[in-house]
Each structure stands twice: as C-alpha cells, then as structure tokens.
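Each chain, letter by letter, is given below.
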Amino acid sequence: MSLIEINDVHKSFGDVEVLKGIDISIGHGEVLAIIGKSGSGKSTLLRCINGLETIDRGSITIGGNHLHGTAADLRRLRLQVGMIFQQFNLFPHLTAGRNVMLAQTVVKKTSESEAETVARDVLASVGLSDKFDVYPDKLSGGQQQRVAIARSLAMKPVALLCDEITSALDPELVGEVLAVVRSLARGGMTLAMVTHEMQFAREVCDRVIFMHEGRVHETGAPEDVFGAPKTAELRQFLGMANVT
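Residues numbered from 1 in each chain as written. Predicted model: local features only at pLDDT ≥ 70, side-chain atom pairs only at ≥ 80, totals over all residues. Heavy atoms only, no water.

Before we go on, may I ask you to explain the overall build of the protein chain in this structure?
Helix and strand counts for the protein chain stand at nine helices and 10 strands. The C-alpha atoms of the protein chain give 18 Å as radius of gyration, which agrees with the globular expectation for 244 residues (18 Å, within 12%). Counting only C-alpha atoms, the protein chain reaches 55 × 40 × 35 Å along its principal axes. Expressed as a percentage of the 244 residues in the protein chain, the buried residues total 53%. When contacts within the protein chain are restricted to residue pairs at least 6 apart in sequence, long-range pairs at least 24 apart make up 65% of them. Surface summary for the protein chain: the accessible area is close to 11200 Å², and the carbon and sulfur share equals 49%. (Helix = DSSP H or I, 4+ residues; strand = E, 2+ residues; numbered from the N terminus. Rg over C-alpha atoms; globule rule 2.2 N^0.38 Å. Buried < 20%, exposed > 50% of the residue type's maximum accessible area, 1.4 Å probe, protein only. Contact = heavy atoms within 4.5 Å. Areas by Shrake-Rupley, 256 points an atom, 1.4 Å probe, with all protein chains shown as cover.)

So this is what it looks like as structure tokens:
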C-alpha cells in the first residue's frame, strides 16, 4: 500500500480552478519530483497534502488515515508530514537549536532535555553541529534552510514535502542544501519535491510528475520524462528549462 494516496483532488480559488482532479500515489521511501511552469498547481498540491489548504473535492490518505479536515485530523497530519518552504521561516529571536526545539516542546510536549538531544542530533545530520547556539542572522541562507530541514526532521515525519527549497538561495549555496536532500533520499525518507533543479531530479528522484494547467500531464521515471517526453507541452517546458 502507498504511503500517500491522492484521489481526484480538486481545488479552486474563487473562480479559478487550480487543481483539476489530481490522482497520485507516493510509495514508502519514494522520492518524487514535481515539475512544471509557474501556476500549474505544484505548490498548491503540496499545501493540500499538508493540510495548509482545504480541498474542494476528492480525498487524501496518509498512512492509511483518511483526512477529513477536522482540527484533530490536521494536528495528526502535521505530526506525520513535514513541509519545508522557499523561505526559511525561522524565529529570529531564537537560536538555531531553539528553533529546532520549539515545535517538539509545544506540539509534541517533549521535555526540554529530550528536545535538545533531538535538536543536536538533527542539526548534526544536516552538517550544523556547531551552530546550535547561533542566531539565524549569523547564518548563511543555505545554513538557515538546513536548520529549517532539521526542524522538520526533529518531528520524525513519515514524509517530507519540499516546495522549491533552493529558489531563495544564491547559486553557490544551492549545492549544500541539495546534498542534505540527497542524503535523506539515500536514507529512505519519503520525499515529494516541487523543484526547478532538473539535473537533481534526474539524478536523485525515483519518479517525475509534470503538471500542466492543474493536471498531471505526464509521469514516469526520470530517464523517460527527461529523455523521451511524450507531449509537446513537456518538450516545450524542458526546452525552456534547458534540459533537452
């Protein structure tokens, strides 16, 4: 059974239908890349999976639990599925370590000592073992994004959703964040990534989904999607992205 099941999901904002019947299954340990033009519905899809947006029709099931959108369902969902955004959203008045500890103590009611142990472990796993007591304004953009990843990992999620997590970074900092994601993929973490890093998607992801005008337009293994696109829309997109 798949870890995440998305069935006939529709989502509109006013009169604009952004998702037009999405059907996707994501397996345990699968690394999924979601690509497409701006406005194709990629980020909205991730926000629906994480419960940040309510869906108008369809269903989303995570770990066999059907989510009905109640407050209790959403709390349970956010304990299971972490989300990392383009912006780092760190609290500037808290150190890196305290940023990682906060959700553990507030949401999971973890003790301070246990939360600190977990925070130090996950910061070490993203290469920031020496930054526990450092404030965000003393960290580079890449380091801040790695703290954001550590914050999600501290909650021990079954899956991570990544929404263009390198798009706000200077080019020289992109590699250090992608190296962390590559390590998570090797470790068996289930990942769904909206990304414009096509070479990374080609090398690391198990499957690629191309979204176009609110629908899954093509899907397949990276070598098929990038090497033998079936539709004119995907060929045009890859050409614009300088992949083909």
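What is the right way to read the pattern of salt bridges from this model?
In a structure, side chains of opposite charge can pair up when their charged atoms sit close to one another. Here the structure, examined in full by the defined rule, presents eight salt bridges. The partner of R57 in a salt bridge is D8, with the nearest N and O atoms 3.9 Å apart. Remark: D8 occurs in strand β1 (residues 4-13) and R57 occurs in strand β4 (residues 57-62); sequence separation between them is 49 residues. R57 gets classed as partly exposed once you look at its relative accessible area, which sits at 48%. Its relative accessible area of 35% is what places D8 among the partly exposed residues. Note that E30 and R207 form a salt bridge whose closest N and O atoms lie 2.7 Å from each other. Taken together, the residues span a long stretch of sequence, with E30 in the loop between β2 (16-26) and β3 (31-35) and R207 in strand β9 (residues 207-212) at a distance of 177 residues. Just as E30 is buried, R207 falls in that class too. In the salt-bridge network here, residues are joined through shared partners; they are K11, R47 and E53. (Salt bridge = Lys/Arg side-chain N within 4 Å of Asp/Glu carboxyl O.)

What's the story with the nonpolar core in this structure? I'm lost.
Across soluble globular proteins, nonpolar side chains show a tendency to be buried alongside one another. Core analysis: the largest hydrophobic core is formed by 51 residues, its most contacted members being I35, V100, V147, I149, L153, L184 and L191. Counting residues per element, this core draws most heavily on helix α6 (residues 171-186), which supplies eight residues. Membership of the second largest hydrophobic core comes to 26 residues, among which are I4, L46, I62 and L161. (Core = buried A, V, L, I, M, F, W, Y, C linked by side-chain atoms within 4.5 Å.)

Is there a simple way to explain the packing of helix α3 (residues 96-106) against helix α4 (residues 112-125) in this structure?
Two quantities define a packed helix pair, namely the angle between the axes and the distance from one axis to the other. Where α3 meets α4, the axes come as close as 9 Å, and the angle between the chain directions of the two elements is 125°. When the axes of α3 and α4 are compared, the pair comes out oblique. Classified by chirality, the crossing of α4 by α3 is right-handed. Where α3 approaches α4, its residues A96, G97, R98, V100, M101, Q104 and T105 are matched on the opposing element by E112, E114, A115, E116, V118, A119, V122 and L123. Looking at side-chain class alone, the contact of α3 with α4 contains eight nonpolar, three polar and four charged residues. (Axes fitted to C-alpha atoms, helices over the stretch in contact; angles between N-to-C directions. Parallel < 35°, antiparallel > 145°, perpendicular 65-115°, else oblique. Left-handed = near helix turned anticlockwise from the far one by under 90°. Nonpolar A, V, L, I, M, F, W, Y, C, P; charged D, E, K, R; others polar.)

I keep staring at a nonpolar patch on the surface and nothing clicks. Help me out?
A contiguous nonpolar patch, built from L79, F91, L102, V106 and V107 and spanning about 390 Å² of accessible area, is present on the exposed surface. Mapped onto the elements of the fold, V107 is located in the loop between α3 and α4. (Patch = residues over 30% accessible without salt bridge, like charges linked within 9 Å, V, L, I, M, F, W, Y side chains within 5 Å.)

By themselves, these observations are geometric and do not establish any function.
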